Amino acid sequence: CNHFPGLEARIVPFRHISVTLSINDFVAGVSTTLNYENEEKVPLEAIFVFPMDEDSAVYSFEALVDGKKIVAELQEKMEAHRNYEDALSQGHQAYLLEEDDYSRDVFSCNVGNLHPGSKVAVTLRYVQELPLETDGALRYVLPAILNPRYKLSGKSANSCLNIKTPITPLEELPYTLSLVATITSQHAIERIQSNCSLSPIQYLADDKTSAQVSLAEGHKFDRDVELLIYYNAVHSPSVAVEMGMPDVKPDILMGAPSAMVSFYPDIPEVEASRSCGEFVFLMDCSGSMKSPMNNQKDSQLRIEAAKETLLLLLKSLPMGCYFNIYRFGSSYEKFFPESMKYTQKTMEEAVERVKDLEADLGGTEILTPLLDIYKAPCIPGHPLQLFVFTDGEVSDTFSVIKEVQLNSKKHRCFSFGIGEGASTSLIKGIARVSGGSAEFITSKDRMQTKALGSLKFALSCSADDIALSWDLPPGLLAYMLSPEQTVIFRGQRLIVYAQLTGTMPQVESSGEVCLKYTLQGRSLENRVTFSLQPKTNASFTIHRLAAKSLIQTKDLGSYETSQRTKEDVVSISIQSGVLSSFTAYIAINKELNQPVQGPLAHRVIPRCIWKNASPPISGEFLRWALIPVIPIVSHAISLSFFFFYKGFGENVALQLILLQKANGSWELDEDLTKILGTNLEDIKAANPAKDGDPSAWATVLAVLWLHANGKDTKYEWELLERKAVTWLHDHAGPSIPTLVQAANHLLKLPVTPAVLSL
């Protein structure tokens, strides 16, 4: 994909993308067909650079030319390139599919020697685990937005993102998308939501365990297509066993049966020490953060959404912990020379500085501030928890992932991809190698919920000392294929893959797998029994997913992977058919009646991408894939404390949150009374503990008001409330019931006193 630096940027012979999506429980199987037609009078080479989720295990690529199917072969990448070039030079039609060398979530498809008048359909297939959202939804995303990636170094000079591509108004995007999704599950399907217009859900079974939806007709591929699938239960443990490939030796990955084990441990909500933790927030302030979150009307700018979320996180930190904030772009700055103890003074100083954050630091150079964070000495008793907010527009993602991995023993990384087009390779990669969690936020209404969910992970006790044990019939062993899991948070799912080696039972029998872990010194376990009658699957889904898991563990791109590991990755990739950064799919049609004659004209297919509001201050951006003409509206933002953001001004609950002190209490003052809808004199008169701390009375009033009026945002103030209740029990324990009764009477509320119990 990087052989034609002088490509002519013209609209190309690309008509339609057809996607067939099959979701079975939490695994998606996807078939995507790209339809080409050459209406020009010269032979063409069409090049399509597009995003995919980095968890996608691409295992098949084929072309349909004039009714003839040509199945591609997976080869070592340089060999595939040579074969492709040789085929073109001989006038044969050739097709090449590859993953970018520098990021797992960027792919390119070359269609070479497309002769005048011809039509070609190329189809790629992949399987993917679907992540579990905070609210229990399974999330599938078909990415459309491919943002530019900032060059960290000269390493990525050969990236396929360097290709110049057309600048096309959004309404003139020359191709459309159709998608049909069929969902099946052992549990009933409650609902399916999407950010795009869908057909009404059609249930295919009376018990609602099977359903189908499709995109509205004529959908322009101008945004990421997101589906959220809600089952009535997603927490059941399960083990699926799949037969290996026939005629393949049982001692290699694809030959023996493979097992996919899914656990959702029932971890109770147990708080860690109140003051345990060093929290460092790494905030992307590069120029691209001025872009909107998505292409919807009045979409909030990424930087503003990130600032609001950072304020909520700051307010939610426990007293006695340590914290710091870095802002980065082409350069970086930190709020404090070193992490500071969380107090009212340091919190107020940080809040004031957050107000002034702007997307004015040029490119996205995340590696330098990361190195600065890692070189700081550890604070005894306060493990490092790193929160990264970025739109992920970095080209050398493997360099960043490698650095996080090298420091994984001393920290956990919670990463947030902000806006459509954020790099799944970067966001998921840094979370995976550090034992943290990754979230993707494309609209404001879900950002605070996801960020606070990750903070709850960081503040809660996690399951440690994780181990799997197997009870299998004699002569059968389980060989683990997944990397060792170090931690599980409450509400997270654990998926592991294993190869079953030895002699499978000839009669119907079962096995058992046990997940063992410790929680605050207690030993816990979950067990599940499963059938040892492997199922056949033409797509070998479990085997492909297991191979993808192995590849992700080993493959860190050309510059960060040793030669021996590269050879191992190539071997796993070619055995399984799963694409890696060191392999490529190549198909050649040598059966044309007459080879294509004459020089090829090169055409690049446009992609959707957001245009930055302003160019970076320094550094060079990689080339745009497509820049739709979308106006970006600047929002007038008041910098008063209450109405710091437009959204906060409209949300009274968030105004109240901003008044809370670092220790969890509220002061009894005029600002509080305005929100409560009364006056200071009446509140003071109604205080049943006249000689007590006025802040205790104010805090009870604030907490009860939140319960009565902030139900829709409860997830956002849950941690703040926890701080407030803890403070109340320390400062007004015996008088809490009396204060609650008086507060309910004053505010005319029916809130139960139980909300203030620890």
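- By the naming in an unreviewed UniProt entry, the protein goes by von Willebrand factor A domain-containing protein 5A and is assigned to Peromyscus maniculatus bairdii.

### Side note on the overall build of the protein
Step number 1: A count of helices and strands for the protein gives 17 helices and 31 strands.
Step number 2: In the protein, of all internal contacts separated by at least 6 residues, the share reaching a separation of at least 24 is 76%.
Step number 3: Counting only carbon and sulfur atoms, one obtains 50% of the accessible surface of the protein, whose full area is about 29700 Å².

### A closer look at the nonpolar core
Step number 1: In this structure, Phe 279, Phe 281, Trp 666 and Leu 756 are the most contacted members of the largest nonpolar core, which totals 86 residues.
Step number 2: At ten residues, helix α15 (residues 694–709) tops the list of elements feeding residues into this core.
Step number 3: If we ignore the near neighbours within four places in the chain, the residues touching Leu 756 are Val 700, Val 703, Leu 704, Val 725, Leu 728, His 729, Ile 736 and Val 740.
Step number 4: Ranked by size, the runner-up nonpolar core spans 82 residues in total, among them Ile 23, Phe 26, Phe 540 and Ala 601.

### Here's the deal with the pattern of salt bridges
Step number 1: Evaluated as defined, the whole model comprises 24 salt bridges.
Step number 2: Residue Asp 360 pairs with Arg 327 through a salt bridge whose shortest N-O separation is 2.9 Å. Of this pair, Asp 360 sits in the loop between α3 (344–355) and α4 (367–375) while Arg 327 sits in strand β19 (residues 322–328); the two residues are 33 residues apart in sequence, bridging distant segments of the chain.
Step number 3: We note a salt bridge from Lys 450 to Glu 439, for which the minimum N-O separation is 3.9 Å. Linking Lys 450 in helix α7 (residues 447–459) with Glu 439 in strand β24 (residues 437–441), this pair joins segments that are eleven residues apart in sequence.

### Re the environment of Ala 359
Step number 1: Within the element layout of this structure, Ala 359 appears in the loop between α3 and α4.
Step number 2: With a relative accessible area of 2%, Ala 359 lands in the buried category.
Step number 3: The spatial distance from the C-alpha of Ala 359 to the C-alpha of Asp 284 is 7.7 Å, given a sequence separation of 75 residues.
Step number 4: Apart from residues lying up to four places away in sequence, Ala 359 is in contact with Cys 285, Ser 286, Gly 287, Met 289, Lys 290 and Ile 303.

### Overview of the packing of helix α2 (residues 302–316) against α3
Step number 1: Axis separation between α2 and α3 bottoms out at 10 Å; the angle between their running directions is 175 degrees. Regarding the angle of α2 to α3, the classification is roughly antiparallel. In this structure, α2 uses Lys 307, Leu 310, Leu 311, Leu 314 and Lys 315 to contact α3, whose residues at the interface are Met 347, Ala 350, Val 351, Val 354 and Lys 355.
Step number 2: Grouping the constituent residues of the contact of α2 with α3 by class yields seven nonpolar, no polar and three charged.

What counts, and where the lines are drawn
Residues numbered from 1 in each chain as written. Predicted model: local features only at pLDDT ≥ 70, side-chain atom pairs only at ≥ 80, totals over all residues. Heavy atoms only, no water. Helix = DSSP H or I, 4+ residues; strand = E, 2+ residues; numbered from the N terminus. Contact = heavy atoms within 4.5 Å. Areas by Shrake-Rupley, 256 points an atom, 1.4 Å probe, with all protein chains shown as cover. Core = buried A, V, L, I, M, F, W, Y, C linked by side-chain atoms within 4.5 Å. Buried < 20%, exposed > 50% of the residue type's maximum accessible area, 1.4 Å probe, protein only. Salt bridge = Lys/Arg side-chain N within 4 Å of Asp/Glu carboxyl O. Axes fitted to C-alpha atoms, helices over the stretch in contact; angles between N-to-C directions. Parallel < 35°, antiparallel > 145°, perpendicular 65-115°, else oblique. Nonpolar A, V, L, I, M, F, W, Y, C, P; charged D, E, K, R; others polar.

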